[in-house]
Amino acid sequence: MASRRIVVSGFVQGVGFRAFVLGEAQRLGVRGRVWNRPDGRVEAILEHEDAETLDTLIQRIGAGPGRVDSVQVSEDAEHGFSDFQITTPQGQV
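Residues numbered from 1 in each chain as written. Predicted model: local features only at pLDDT ≥ 70, side-chain atom pairs only at ≥ 80, totals over all residues. Heavy atoms only, no water.

Draft legend 1. The arrangement of the environment of Val12 in detail. Within the secondary structure layout, Val12 lies in the loop between β1 (2-11) and α1 (17-28). Using a relative accessible area of 2% as the deciding quantity, one classes Val12 as buried. Distance in space between the C-alpha atoms of Val12 and Gly40 is 7.4 Å, their sequence separation being 28 residues. Here Val12 is in contact with Phe17, Gly40, Arg41, Val42, Arg67 and Val68, once residues within four sequence places are set aside. (Helix = DSSP H or I, 4+ residues; strand = E, 2+ residues; numbered from the N terminus. Buried < 20%, exposed > 50% of the residue type's maximum accessible area, 1.4 Å probe, protein only. Contact = heavy atoms within 4.5 Å.)

Structural data, given as structure tokens:
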């Protein structure tokens, strides 16, 4: 299983960005979580059996609503999510 943690910088809060990520993740069958960070960025954990599917989602995220200045991507431990959800910073993994 491939797992990535991403942090998206730019004007990405208050523009439907997390809902956009949720919809794209569900279309691709990606599991994970997405949340707003207190510093104005959005963070997500993405999981899928196919790393190329994650790359596709990350590319789509880079063109999401608002203004994406950067998408930082790092490998992450597998969390075993069964779905994709919008959560709160307190619900971070």
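Draft legend 2. Broad picture of the packing of α1 against helix α2 (residues 51-61). The geometry of α1 relative to α2 is characterised by a closest axis approach of 10 Å and an angle of 150 degrees between their N-to-C directions. When the axis of α1 is compared with that of α2, the two are roughly antiparallel. Every pair of crossing elements has a handedness; the one defined by α1 and α2 is right-handed. Listed contacts from α2 to Phe17, Phe20, Val21, Glu24, Ala25 and Leu28 of α1 are Thr53, Thr56, Leu57, Arg60 and Ile61. (Axes fitted to C-alpha atoms, helices over the stretch in contact; angles between N-to-C directions. Parallel < 35°, antiparallel > 145°, perpendicular 65-115°, else oblique. Left-handed = near helix turned anticlockwise from the far one by under 90°.)

Draft legend 3. Quick look at the pairing of strand β2 (residues 31-36). The buried fraction of β2 is high, at six of six residues. Counted between consecutive antiparallel strands, the loop separating β2 from strand β3 (residues 42-48) contains five residues, among which Gly40 sits at a positive phi close to 95 degrees. (Pairing = 2+ DSSP bridges.)

Draft legend 4. Spotlight on the nonpolar core. By size, the foremost hydrophobic cluster in this structure holds 17 residues, and its most contacted members are Ile6, Val8, Phe17, Val30, Leu46, Ile61 and Phe84. For this core, the secondary-structure elements that each account for two or more residues are β1, α1, β3 and α2. Ranked by residue count, the leading element in this core is α2, at four residues. Excluding residues within four positions of it along the chain, Phe17 makes contact with Val8, Val12, Val42, Ile61, Gly64, Pro65 and Val68. (Core = buried A, V, L, I, M, F, W, Y, C linked by side-chain atoms within 4.5 Å.)

Draft legend 5. Spatial organisation of the sheet that holds β1. What the five strands build is an open sheet, ordered β4-β1-β3-β2-β5; its pairing is mixed. Bordering the open sheet on either side are β4 (67-75) and β5 (84-86), each of which pairs with just one other strand. For this sheet, the mean angle separating the axes of adjacent strands, direction not counted, is 15 degrees. The pairing of β2 with β3 spans six bridges and is antiparallel. Each bridged residue has a counterpart across the sheet, and for Arg31 the counterpart in β3 is Glu47. Sheet strands in contact with α1 are β1, β2, β3, β4 and β5, and its direction is about 175 degrees off that of β5. In the packing of α2 onto the sheet, contacts are made with β1, β3 and β4, and the angle to β1 comes to roughly 5 degrees.

So, to be careful, I would describe these as geometric facts and stop short of saying anything about function.
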